[in-house]
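Chain by chain, the residues run as shown.
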2 protein chains.
Amino acid sequence: MVIESKNNEKIKQAVQLAASSKERKQTGLFFLEGLRLCHDAALSGIRIINLFYTADAAQHSRFELITQKAESSYEIRQDIASRLAQTQSSQGVFCVCEKPGMKLTEDDIVSGGCFIALENIQDPANLGAVCRTAEALGIKGAVLSGCCDIYNPKSQRAAMGSLLRLPLLITDDLPGLLSRLKKKGTGVFAAVPDAAAQDIRTVEFGFSSITVIGNEANGVTRETANICLPVTIPMKGRAESLNASAAAAVIMWEIIRRT
Amino acid sequence: MVIESKNNEKIKQAVQLAASSKERKQTGLFFLEGLRLCHDAALSGIRIINLFYTADAAQHSRFELITQKAESSYEIRQDIASRLAQTQSSQGVFCVCEKPGMKLTEDDIVSGGCFIALENIQDPANLGAVCRTAEALGIKGAVLSGCCDIYNPKSQRAAMGSLLRLPLLITDDLPGLLSRLKKKGTGVFAAVPDAAAQDIRTVEFGFSSITVIGNEANGVTRETANICLPVTIPMKGRAESLNASAAAAVIMWEIIRRT
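Only a predicted model underlies this, so the values are computations on that prediction, with no experimental measurement involved.

Trainee: Can you help me understand the overall build of chain A in this one?
Mentor: On a plain count of helices and strands, chain A comes out with twelve helices and twelve strands. Over its C-alpha atoms chain A spans a radius of gyration of 20 Å, differing by no more than 12% from the 18 Å that the globule rule assigns to 259 residues. In chain A, the share of contacts with a sequence separation of at least 24, taken over all contacts with a separation of at least 6, comes to 77%. With the model as given, the accessible surface of chain A reaches about 11,100 Å², and the carbon-plus-sulfur share is 47%.

Pasting the structure below:
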């Protein structure tokens, strides 16, 4: 089917889903752009409600799987694609998807492996980048608390599909969750920029662990820190000068490197 | 002295220095914004030719050192500050500075320590972020080849002052430089996303080393790779899915963590 009008209701809904986390919350839907991300969604079993594509995009090898999985597909003109596009070099492929259920449980964490918790991460690109790194290094899943919306298009782009694959659990009571995990034997750690904390190189993460990475400016909250063993990256240069995603990369690598 | 006009020649020059790498190249000058960066420049002995500031900015404790070091200082109105501002939350402090000489030499590298080389890094924010991480972790200096302009305001902001402090050497012949260093006994490595390369955890970096981090999309050039021992971060998740600055952070941490 071809959509000829910019005022088509499905196009208007897609634009709103891209722009508004409130719209995403109310509908349970989200917006994805680009061959790679839409292909990742199709591969990950995410329900694709509507697919919009330009004639050019339909020539791409990755397009076939996306169109197979999409429940409805609409060809659009370039001017409508430009309205949907969030990036400068748009590929002309856009999906409206259903938010999947959360795949990570507390029991999964207790069952073993290295997990992270992200607390109050506010920048969508940061959130995406940290999850991308987590997946690449082999972190088994992430708990999110107070973070920006994982379905923000900027988060999804920076995540390069990892937010569609990495098992996630969203909670509004991170201290409560960490307390329960601790009682069940999971090692509970918090990354802090404090030279008095334990050197990350000497930490025994054990059979099951979760490490909290805090807000870009303010770090981990006091309530959370009180439950955790504080761990830190020793700085040889100027103190406190790693940015949030670089610090997260080093912390996650160090958690994983001895396993 | 007070500048009342947006068309003042000094203001126009500052705007051009912020916008144009050609202007920066022709004049040997560059533009900095913000209390922290201008303060860092003053602390690092960078020559501050012109300082522009709003009345509000002059109240800040960091302002005093900047005004002491500046050769000329001009108070500006808020509307002129808005013209100079590159950031949304501008602090009303701007400097035009002289590019300092390069502080790193080939002999410094041979003399010992861990260095990095950045080849064809194209994103200014990436370049700044990698140099910030390098300084924080204790990398002794960076060789740059084919990278974007270190004096781009986006590079300087992401670097949080590290580009004003970290010893740098710019070359247009990285393979030649690496060959000479290798002959003099420096270990010469290249970070590659290739599972067949040596696991970064098992590399002996030795007394003097330099590790090349390549372009965001294409990695290290063939000419450079031919001279270097390839090293890699073993991936447990999906291959090749660390972004450039996360990969650089992990590589640099691993170089430093055993020293």
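Trainee: I keep staring at unusual backbone geometry and nothing clicks. Help me out?
Mentor: Trans is the prevailing form of peptide bonds, just as negative phi is the prevailing case for residues other than glycine. Residue and element names in this part refer to chain B. The backbone phi angle of Asn 120 is positive, close to 60°, even though this residue is not glycine. Mapped onto the elements, Asn 120 comes out in the loop between strand 6 (113-119) and helix 7 (124-137). Look at Asn 120 and you get partly exposed, because its relative accessible area is 24%. Here Met 160, not a glycine, exhibits a phi torsion of approximately 50°, which is positive.

Trainee: Explain the packing of aromatic side chains to me, please; I cannot follow it from the model alone.
Mentor: Aromatic ring pairs are reported here in terms of the distance separating the ring centres and the angle at which the planes meet. Residue and element names in this part refer to chain A. With the rule as written, the count across this model stands at ten aromatic pairs over all chains. Considering the side-chain rings of Phe 31 and Phe 94, the 6.1 Å spacing of their centres and the 25° angle between planes classify their relative orientation as stacked. Here the residue Phe 31 occupies a position in strand 2 (residues 29-33), and Phe 94 occupies one in strand 5 (residues 93-98), the gap between them amounting to 63 residues. The residues Phe 31 and Phe 94 share a single accessibility class, namely buried.

Trainee: How should I be thinking about the packing of helix 7 of chain B against helix 12 (residues 244-257) of chain B in this particular structure?
Mentor: Two quantities define a packed helix pair, namely the angle between the axes and the distance from one axis to the other. Residues and elements named next belong to chain B. As a packed pair, helix 7 and helix 12 sit with axes 10 Å apart at the nearest point and diverge in direction by 20°. In terms of orientation, helix 7 and helix 12 fall into the roughly parallel class. Helix-helix and strand crossings are classified by hand; for helix 7 and helix 12 the assignment is right-handed. Listed contacts from helix 12 to Asn 126, Val 130, Thr 133, Ala 134 and Leu 137 of helix 7 are Ala 244, Ser 245, Ala 248, Ala 249, Met 252, Trp 253 and Ile 256. Partitioning the contact of helix 7 with helix 12 into residue classes produces nine nonpolar, three polar and no charged.

Trainee: What's the story with the layout of surface pockets in this structure? I'm lost.
Mentor: Regions of empty space are outlined by a rolling probe, equal in size to a water molecule, passed over the atoms. Of the voids in this model, the largest pocket is the one considered here, and its volume is about 1,300 Å³. Taken together, 46 residues form the lining of the largest pocket, with Arg 132 of chain A together with Asn 126, Asn 243, Ala 244 and Ser 245 of chain B sitting closest to its centre. With five residues, the single largest contributor to the lining of the largest pocket is helix 12 of chain B. Split into classes, the residues belonging to the lining of the largest pocket amount to 23 nonpolar, twelve polar and eleven charged.

Trainee: Whenever I open this one, the interface of chain A and chain B confuses me. Can you help?
Mentor: Interface size is commonly expressed as the accessible surface area that is lost when the partners come together. At the interface, 29 residues of chain A touch 29 residues of chain B. Summed over both partners, the interface of chain A with chain B comes to about 2,700 Å²; 52% of that surface belongs to carbon and sulfur atoms. On the surface where chain A and chain B come into contact, there are two salt bridges. Among the salt bridges present, the one from Glu 254 of chain A reaches Arg 257 of chain B, with a minimum N-O distance of 2.5 Å. The tally of links from chain A across to chain B stands at eight residue pairs in polar contact (both at pLDDT 80 or more). Of all the elements in the fold, those that place two or more residues in the side of chain A that touches chain B are helix 3 (35-43), helix 7 (124-137) and helix 12 (244-257) of chain A. Examining the composition of the side of chain A that touches chain B, we find that seven residues originate from one element, helix 12 of chain A, more than from any other. Across the side of chain A that touches chain B, the residue classes tally to 13 nonpolar, six polar and ten charged.

Trainee: Got a minute to help me understand the pattern of salt bridges in this structure?
Mentor: Any two side chains of opposite charge can pair if their charged atoms end up close together. All names here are of chain A. Following the criterion strictly, the structure yields 24 salt bridges over all chains and no others. Put simply, Lys 12 and Glu 9 hold a salt bridge, and the shortest N to O gap is 3.6 Å. Residue Lys 12 and its partner Glu 9 are located together in helix 1 (residues 9-19), separated by three residues, close to a single helical turn. On the accessibility criterion, Lys 12 (32% relative accessible area) is partly exposed. Sharing partners across several salt bridges, the network here consists of Glu 4, Arg 77 and Asp 79.

Trainee: It is not clear to me how helix 12 of chain A should be interpreted in this structure. Could you clarify?
Mentor: Every α-helix carries 3.6 residues per turn, so stepping three or four residues along brings you back to the same face. Between its terminal C-alpha atoms helix 12 of chain A stretches 20 Å, which fits the 20 Å expected from 14 residues at 1.5 Å a residue. Most of helix 12 of chain A is tucked away: twelve of the 14 residues are buried. For helix 12 of chain A, every residue scored as buried is listed here: Ser 245, Ala 246, Ala 248, Ala 249, Val 250, Ile 251, Met 252, Trp 253, Glu 254, Ile 255, Ile 256 and Arg 257 of chain A. Contacts from the buried residues of helix 12 of chain A go to strand 6 (113-119), helix 7, strand 9 (187-191) and strand 11 (208-213) of chain A together with helix 7 and helix 12 of chain B. With a side-chain oxygen positioned 3.2 Å from the backbone nitrogen of Ser 245 of chain A, the residue opening helix 12 of chain A is Asn 243 of chain A.

Trainee: I would appreciate a short explanation of the pairing of strand 12 (residues 229-232) of chain A in the present structure.
Mentor: Across a regular strand the side chains alternate sides, sitting on one face of the sheet and then on the other. All names here are of chain A. Direction of pairing for strand 9 relative to strand 12: parallel, over a ladder of three bridges. Following the sheet pairing, Ala 190 is matched in strand 12 by Pro 230. When strand 10 (residues 198-199) meets strand 12, the two strands line up parallel, connected through two bridges. Bridging across to strand 12, Asp 199 finds its partner in Thr 232.

Trainee: Help me understand the relation of the copies chain A and chain B in this model?
Mentor: To go from the first copy of the chain to the second, apply a rotation about an axis and then a shift along the same axis. Under the fitted operation, chain A is carried onto chain B by 0.0 Å of movement along the axis and a turn of 180°, and the coordinates agree to an RMSD of 0.0 Å. Seen this way, the second copy is the image of the first under a two-fold rotation axis. A shared binding surface is used by both copies, with 100% of the interface residues of chain A retained as interface residues in chain B.

Trainee: Help me out: how do you make sense of helix 1 of chain A in this one?
Mentor: Residue and element names in this part refer to chain A. Considered for burial, the residues of helix 1 that qualify are Ile 11, Ala 14, Leu 17 and Ala 18. Projected down its long axis, helix 1 carries its buried residues within an arc of 125°, all on one side. Opposite its buried face, helix 1 presents the exposed residues Glu 9 and Ala 19, each directed more than 90 degrees away.

Criteria and thresholds
- Residues numbered from 1 in each chain as written.
- Chains lettered and ligands numbered in written order.
- Predicted model: local features only at pLDDT ≥ 70, side-chain atom pairs only at ≥ 80, totals over all residues.
- Heavy atoms only, no water.
- Helix = DSSP H or I, 4+ residues; strand = E, 2+ residues; numbered from the N terminus.
- Rg over C-alpha atoms; globule rule 2.2 N^0.38 Å.
- Contact = heavy atoms within 4.5 Å.
- Areas by Shrake-Rupley, 256 points an atom, 1.4 Å probe, with all protein chains shown as cover.
- Buried < 20%, exposed > 50% of the residue type's maximum accessible area, 1.4 Å probe, protein only.
- Phe/Tyr/Trp six-rings, centres within 6.5 Å; stacked < 30°, edge-to-face > 60°.
- Axes fitted to C-alpha atoms, helices over the stretch in contact; angles between N-to-C directions.
- Parallel < 35°, antiparallel > 145°, perpendicular 65-115°, else oblique.
- Left-handed = near helix turned anticlockwise from the far one by under 90°.
- Nonpolar A, V, L, I, M, F, W, Y, C, P; charged D, E, K, R; others polar.
- 1 Å grid on protein atoms, 1.4 Å probe; cavity = no way out; pocket = protein on both sides within 12 Å on 5 of 7 lines; lining within 4 Å.
- Points joined across faces, edges and corners; volume = space filled by probe spheres on them.
- Buried area = accessible area lost by both parts, 1.4 Å probe.
- Salt bridge = Lys/Arg side-chain N within 4 Å of Asp/Glu carboxyl O.
- Polar contact = N/O pair within 3.5 Å; in protein donor to acceptor, adjacent residues only side chain to side chain.
- Expected span 1.5 Å × (residues − 1).
- Pairing = 2+ DSSP bridges.
- Least-squares fit on C-alpha atoms with pLDDT ≥ 70 in both.
- Arc of directions from axis to C-beta.

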